[in-house]
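So you can see what is in the structure, the chains are spelled out below.
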Amino acid sequence: MNARLPKVAPSVTAELVAALTPRLRKRLDAGVAKVAARPVALEGDLVRIALDDDTDLELHAPDGVVTSAEGIRCGCLLAPDCLHRAAVASAAPVADPTAPPTTAPPATDLEEPAPPTQSSAPREAATPAQRTASAALHDAAAAVLEAGTDGAGAVLQAELLRAAHTARLAGLPRAAGRAVAVVTALRAARGGDPDYRLTDLTAALRDVLVLAHRLPDATGPELAELRGSVRQPYSPDGSLRLYGVFAEPVLSATGYAGAVTWTADAAGRLYTVSDVAPGGAERATGAADRSVRLGDTALTHRELSRAGLAVSGATVSPTGRLGAGASVRAVRASGVDWDADPLDRLWAVPVPEQISLALGDDRDGRESREERNLLFLDVTLVGTVREAAGACLVADCGGLRLRLAAAHDHPALPHRENLRLLASVPGARLRVVARLTPGPLPRATLLAVSHPTDRGRRVDLGLDRLRRADLPTVPLQQTQPSHQPSHEPPPQLSPPHNTPTHEPPPGIDDAPVHLLRRRVMQAVSGGRRVLAFPGDRAAETARLRRYGLSTAGELLAELHTTAADRARDPFGRLLPADTGRFVRAWLGAAVYTESLDRALCAAAWGADPTTDPTTDLPGPDEPAPRPAVR
């Protein structure tokens, strides 16, 4: 497309697709591809698409969002009952029902605590409308799982968007947001978006199904947690003295971009100042040099990450986001090095404690885990290891070998290039900020590092570009770790210029839960039918049991059995599959896999597991599990 289409509210897409005749629904996916290939012209709030020399399709998008079906108009002879309106709505990005408005509301509106509405006030039990919405979400998500990404076209997406809209109206913004995330990931998968990740789609689909399962019977605080809230309440926090830690770009698959600067107070509590709005890579790279929206300060995000702030009248959300109300006053203050107090306290926390916090259940009601996933580590670079996604750094952290990958692969961001340069200086001792990547191997994505030649400086790897001149001129002696953990064999190191292979990372076979994880993700990608194909299922089940993962073996066997189970009528014709049973089997396997991954991740880092998935999760014949949803 020549320009980005505006976002379209889920209810609009659902309404337009529902109005199509059965014949037109069959042609909808082809219509989406045709409309997406046409040129787009922007005229203020009006987006015009030329269908041909005489016919235009117009989208009226105040503030960048189409909020009603009347906002999409077509000049063809069949309008308003034509295919074009539904096709362009299905091709456009989905407006997140829980996202803030695209234009900043008055500052006071951002920080007043949310009024006690149906979506934020605790109640004794789910209402009939919420139970109905949960059932609709379950059925729509189950249809997507049944079809897989290849079969989940615009019609199934619209059904899920309709269920998301119903959930939002019923006061279930969390479920609505996750349902929209499923649709966004489906469109990315079907459109060949390079940012698409099957793991993200699997997680979003799992969350929708778990929420739909738990909501009808939830009460009290559990129900409030599952429902979520449309906006975060800000509460007064007095005066703050903050020190910049680092800044990172934001570039999401849902069409939002910008920058977030992380700061800390004297006690080591983290606070964020963000500038995130609809946009692409250009906004992500340019937001770092914009002034922060906090008081009268003229500091940019890049400057704040190295300086400090003195804030009076501060308001803070439960996730540590600083409000920018009219009563907030902020002035520039001096910053400190990472090695100096109080920032040094962040690195003083033992690594196992940091991992336990990152993997802990989100029982305090916070919907963001970004702060808890941050790791503050002292490492020595060892080399690189080849993986399917590219080479990543191998580092020694107090005797533990860990892998440090790029936080984002978009070519406009310098993550990957900075990682390549760091790989050329094995033996370098760095203080780093990383984000935990849960898995059976110690792994994280790099966000910021101390400068390779000047410990007093720091490099934000998503915003700053390292140069050859920043690297040591004398080769550093590669250090050997004092202890090689027994749970992971030494990785096969390679120079950074080697071409990565598509072989699985070394040591992955030591955690055979990947046998179950692979089938869970295959179902999302190819639908139920890919698990119904005949194969040597007994060998995988037996292998899981040999490693003591008997529950995983039972779940895998049940997943294959329910996928292939098709009864016949007296005339030998196949009856419809039992979708409900297959969904229950898949959900049990998906939740078990996530829980076991957390336990393996904790063990890999030397931390105490937060849960024991082999005892907390039931077998395939028991009700679906009820873990905490992230």
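Residues numbered from 1 in each chain as written. Predicted model: local features only at pLDDT ≥ 70, side-chain atom pairs only at ≥ 80, totals over all residues. Heavy atoms only, no water.

S.K.: I'd like to hear about the overall build of the chain, residue by residue, with values.
M.R.: Across its full length, the chain holds 22 helices and 18 strands. Counting every position in the chain, which comprises 630 residues, the buried fraction comes to 52%. When contacts within the chain are restricted to residue pairs at least 6 apart in sequence, long-range pairs at least 24 apart make up 67% of them. When the accessible surface of the chain is split by element, carbon and sulfur atoms take 52% of a total near 27,300 Å². (Helix = DSSP H or I, 4+ residues; strand = E, 2+ residues; numbered from the N terminus. Buried < 20%, exposed > 50% of the residue type's maximum accessible area, 1.4 Å probe, protein only. Contact = heavy atoms within 4.5 Å. Areas by Shrake-Rupley, 256 points an atom, 1.4 Å probe, with all protein chains shown as cover.)

S.K.: I'd like to hear about the packing of aromatic side chains, residue by residue, with values.
M.R.: Under the criterion given, the structure shown has three aromatic pairs. On the numbers, 6.0 Å between centres and 5° between planes, the contact of phenylalanine 246 with tryptophan 262 is stacked. With phenylalanine 246 in strand β7 (residues 235-251) and tryptophan 262 in strand β8 (residues 256-264), the pair connects residues that are 16 residues apart, well separated along the chain. When sorted by exposure, phenylalanine 246 lands in the same class as tryptophan 262, which is buried. For the pair tryptophan 347 and phenylalanine 376, a centre-to-centre distance of 5.1 Å together with 75° between the ring planes defines the contact as edge-to-face. Pair noted here: tryptophan 347 is in helix α13 (residues 344-348) and phenylalanine 376 is in strand β12 (residues 374-385), with a separation of 29 residues, a long-range link. (Phe/Tyr/Trp six-rings, centres within 6.5 Å; stacked < 30°, edge-to-face > 60°.)

S.K.: Can you tell me about the nonpolar core, naming the residues and giving the values?
M.R.: Among the nonpolar cores identified, the biggest contains 61 residues, and Leu137, Leu145, Leu160, Val182, Leu205, Leu209 and Trp586 are the most heavily contacted of them. Of all the secondary-structure elements, those providing two or more residues to this core are α6 (128-151), α7 (154-169), α8 (173-190), α9 (198-214), α10 (220-227), α17 (514-526), α20 (550-564) and α21 (579-605). A total of 10 residues in this core trace back to one element, the largest contributor, which is α21. If sequence neighbours within four positions are ignored, leucine 209 has contacts with His138, Ala141, Ala142, Leu145, Val583, Trp586 and Leu587. Residues Leu359, Leu377, Ala406 and Leu461 belong to the second largest nonpolar core, which totals 36 residues. (Core = buried A, V, L, I, M, F, W, Y, C linked by side-chain atoms within 4.5 Å.)

S.K.: Tell me about the packing of α20 against α21, residues and numbers included.
M.R.: For the pair α20 and α21, the least separation of the axes is 9 Å and the interaxial angle reads 150°. With respect to their mutual orientation, α20 and α21 come out roughly antiparallel. Regarding α20 and α21, the two cross each other, and that crossing is left-handed. Judged by residue contacts, Thr551, Ala552, Leu555, Glu558, Leu559, Thr561, Thr562 and Ala563 of α20 engage Arg581, Phe582, Ala585, Trp586, Gly588, Ala589 and Tyr592 from α21. Class assignment for the residues of the contact of α20 with α21 results in nine nonpolar, four polar and two charged. (Axes fitted to C-alpha atoms, helices over the stretch in contact; angles between N-to-C directions. Parallel < 35°, antiparallel > 145°, perpendicular 65-115°, else oblique. Left-handed = near helix turned anticlockwise from the far one by under 90°. Nonpolar A, V, L, I, M, F, W, Y, C, P; charged D, E, K, R; others polar.)

S.K.: With reference to specific residues and values, describe unusual backbone geometry.
M.R.: Omega for the peptide link from alanine 79 to proline 80 comes to 10°, which places this bond in the cis form. Looking at the secondary structure, you find proline 80 in the loop between β6 (72-74) and α4 (83-91). The peptide bond linking aspartate 341 to proline 342 adopts the cis configuration, its omega dihedral lying at 10°. For aspartate 63, which is not a glycine, the phi torsion comes out positive at approximately 60°.

S.K.: Tell me about the packing of α9 against α17, and please be specific about residues and values.
M.R.: Look at α9 against α17: their axes get within 10 Å of each other, and the N-to-C directions meet at 90°. Between α9 and α17, the angle falls in the class roughly perpendicular. Of α17, the residues touching α9 (which contributes Leu198, Thr199, Leu201, Thr202 and Leu205) are Val520, Met521, Val524 and Ser525.

S.K.: Residues and numbers for the sheet that holds β6, please.
M.R.: With respect to topology, four strands assemble into an open sheet ordered β2-β3-β4-β6, the strand pairing being antiparallel. In the strand order of this sheet, the two ends are held by β2 (40-43) and β6, each with one partner. Within this sheet the neighbouring strands show an average axis-to-axis angle of 20°, counted without direction. Pairing between strand β3 (residues 46-50) and strand β4 (residues 56-60): five bridges, direction antiparallel. From the neighbouring strand, alanine 50 faces β4, where its bridge partner is aspartate 56. Where α4 meets the sheet, it contacts β3, β4 and β6, and its direction lies at approximately 140° from that of β6. (Pairing = 2+ DSSP bridges.)

S.K.: Explain the pattern of salt bridges to me, using residue names and the numbers behind them.
M.R.: Inspection of every chain in the model, using the stated rule, returns 32 salt bridges. A salt bridge links glutamate 146 to arginine 528; the shortest N-O distance between them is 2.8 Å. In this pair, glutamate 146 is assigned in helix α6 and arginine 528 in helix α18 (residues 528-532), connecting sequence segments 382 residues apart. Accessibility expressed as a relative area gives 8% for arginine 528, which makes it buried. By sharing partners, the salt bridges in this structure join Arg178, Arg206, Asp207, Glu594 and Arg598 into a single network. (Salt bridge = Lys/Arg side-chain N within 4 Å of Asp/Glu carboxyl O.)

S.K.: Report on the confidence of the model for the chain, specifying residues and quantitative values.
M.R.: Averaged over every residue, the pLDDT of the chain is 82; the share at 70 or more is 83%. For the stretch residues 363-368, pLDDT sits under 50, and the model shows nine contacts to residues farther than four places along the chain or on other chains. pLDDT under 50 marks residues 478-509. Its contacts with residues more than four places away, or in other chains, come to 68 contacts. (pLDDT = per-residue confidence, 0-100.)

S.K.: Kindly report on the sheet that holds β8, identifying the contributing residues and their values.
M.R.: As a general point, the strands of a sheet are linked pairwise by backbone hydrogen bonds and lie either parallel or antiparallel. Taken together, five strands build an open sheet; the order of strands is β9-β8-β7-β10-β11 and the sheet is antiparallel. Each having just a single partner strand, β9 (270-278) and β11 (329-333) make up the two edges of the open sheet. Going from strand to strand, the sheet's axes swing by 35° on average, the running direction of each strand aside. Sheet topology places strand β10 (residues 308-316) next to β11; five bridges connect them, and they run antiparallel. Bridging from a neighbouring strand, alanine 310 pairs with valine 331 of β11.

S.K.: Tell me what's going on with α9, and back it up with residues and numbers.
M.R.: Under the 1.5 Å per step criterion, the end-to-end length of α9 is 24 Å for 17 residues, consistent within 8% with the ideal 24 Å. With respect to burial, α9 is a largely interior element, 13 of its 17 residues being buried. (Expected span 1.5 Å × (residues − 1).)

S.K.: Summarise the environment of valine 245; cite the residues concerned and give the values.
M.R.: Topologically, valine 245 is positioned in strand β7. It is 10.0 Å that separates the C-alpha atoms of valine 245 and threonine 272, two residues lying 27 residues apart in sequence.

S.K.: Can you explain the pairing of strand β13 (residues 392-397)? Please cite residues and give values.
M.R.: Side-chain positions along a regular strand alternate between the two faces of the sheet. The buried fraction of β13 amounts to six of the six residues, a majority that puts the element mostly inside the structure. As defined by bridge partners, β12 adjoins β13 across five bridges and the pair is classed as antiparallel. Within β13, the residue paired with valine 385 across the bridge is cysteine 392. Adjacent in sequence and paired antiparallel, β12 and β13 are bridged by six residues, among which glycine 390 carries a positive phi angle near 125°. Two strands pair when backbone bridges link them, and β13 and strand β14 (residues 400-406) are joined in this way by five bridges, in the antiparallel orientation. Bridging across to β14, leucine 393 finds its partner in leucine 404. The turn joining β13 and β14, which pair antiparallel and follow one another in sequence, is formed by two residues; a positive phi near 60° is taken by glycine 398.

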